[in-house]
Amino acid sequence: MAETDYKEFLKHAKGNTARLQKQTKKVGMDYFKMHTDAMEPGAISKKNKELISLAIAISKQCDGCITSHLASAKEDGATIDEIVEVVNVAIMMNGGPAVVYGGKALEAAEQFYGVDLK
């Protein structure tokens, strides 16, 4: 099986998101406003909100969300060690499916962080 290019996947997903937002008009714009507002730093930093979102994305088995929140967490200063711990928590909370999707998150993290976790 070919390895997924998560950086290309993210670029493609962002294109789909832009298309969706244009076509769904107010509904899409309202959702993305809520997303932006929810991710603003407050009592919890944006980095920690991205890490929380990554754990939820693994639990919900959403490739696009995993990739997006992983990239954003990295941009916000999350370390590879923090990503690995988030995967551990997602596995603890979600069991077997989180093992599969946590593996995908770590594969994507290898590409975004330029490390080899094998």
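See the structure printed just above.
The structure displayed is predicted, hence computed values, not measured ones.

J.: Would you take a moment to explain the overall build of the protein for this structure?
T.: Scanning the protein from N- to C-terminus turns up 6 helices and 0 strands. Traced from its N-terminal end to its C-terminal end, the protein shows the element sequence α-α-α-α-α-α. Taken against the 2.2 N^0.38 rule, which gives 13 Å for 118 residues, the C-alpha radius of gyration of the protein at 14 Å falls within 12% of a compact globule. Put simply, 65% of the contacts in the protein that link residues at least 6 apart link residues at least 24 apart. Accessible surface, the protein as shown: approximately 7400 Å² in total, 60% of it carbon and sulfur.

J.: Quick question: what am I supposed to make of helix 6 (residues 96-113) here?
T.: Since one α-helical turn is 3.6 residues long, residues separated by three or four positions face the same way. The first and last C-alpha atoms of helix 6 sit 25 Å apart over 18 residues, in line with the 26 Å expected at 1.5 Å per residue. Residues Ala98, Tyr101, Gly102, Ala105, Ala108, Ala109, Glu110, Gln111, Phe112 and Tyr113 constitute the buried set of helix 6. Residues of helix 6 that are buried sit in contact with helix 1 (6-24), helix 3 (46-60), helix 4 (63-75) and helix 5 (80-94). Following helix 6 by one or two positions, Gly114 adopts a phi angle in the positive range, close to 65°.

J.: Could you clarify how one ought to interpret the environment of Asp63 in this entry?
T.: Within the secondary structure, Asp63 sits in helix 4. The partly exposed category is assigned to Asp63, whose relative accessible area is 28%. Residues Asp63 and Tyr6, 57 residues apart in the sequence, show an inter-C-alpha distance of 9.3 Å.

J.: What is the right way to read a nonpolar patch on the surface from this model?
T.: A surface patch of nonpolar side chains, amounting to about 260 Å² of accessible area, comprises Ile44, Ile52 and Ile56. When you line up the elements, Ile52 lands in helix 3.

J.: Hey, could you run me through the packing of helix 3 against helix 4 in this one?
T.: Two quantities define a packed helix pair, namely the angle between the axes and the distance from one axis to the other. Two elements in contact, helix 3 and helix 4, have axes separated by 8 Å at closest approach and are oriented at 160°. In terms of orientation, helix 3 lies roughly antiparallel with respect to helix 4. For helix 3 against helix 4, the interelement crossing comes out left-handed. Seen from helix 3, the contacting residues are Lys46, Lys47, Glu50, Leu51, Ser53, Leu54, Ala57 and Ile58; seen from helix 4, they are Cys65, Ile66, His69, Leu70, Ser72 and Ala73.

The rules behind the values
- Residues numbered from 1 in each chain as written.
- Predicted model: local features only at pLDDT ≥ 70, side-chain atom pairs only at ≥ 80, totals over all residues.
- Heavy atoms only, no water.
- Helix = DSSP H or I, 4+ residues; strand = E, 2+ residues; numbered from the N terminus.
- Rg over C-alpha atoms; globule rule 2.2 N^0.38 Å.
- Contact = heavy atoms within 4.5 Å.
- Areas by Shrake-Rupley, 256 points an atom, 1.4 Å probe, with all protein chains shown as cover.
- Expected span 1.5 Å × (residues − 1).
- Buried < 20%, exposed > 50% of the residue type's maximum accessible area, 1.4 Å probe, protein only.
- Patch = residues over 30% accessible without salt bridge, like charges linked within 9 Å, V, L, I, M, F, W, Y side chains within 5 Å.
- Salt bridge = Lys/Arg side-chain N within 4 Å of Asp/Glu carboxyl O.
- Axes fitted to C-alpha atoms, helices over the stretch in contact; angles between N-to-C directions.
- Parallel < 35°, antiparallel > 145°, perpendicular 65-115°, else oblique.
- Left-handed = near helix turned anticlockwise from the far one by under 90°.

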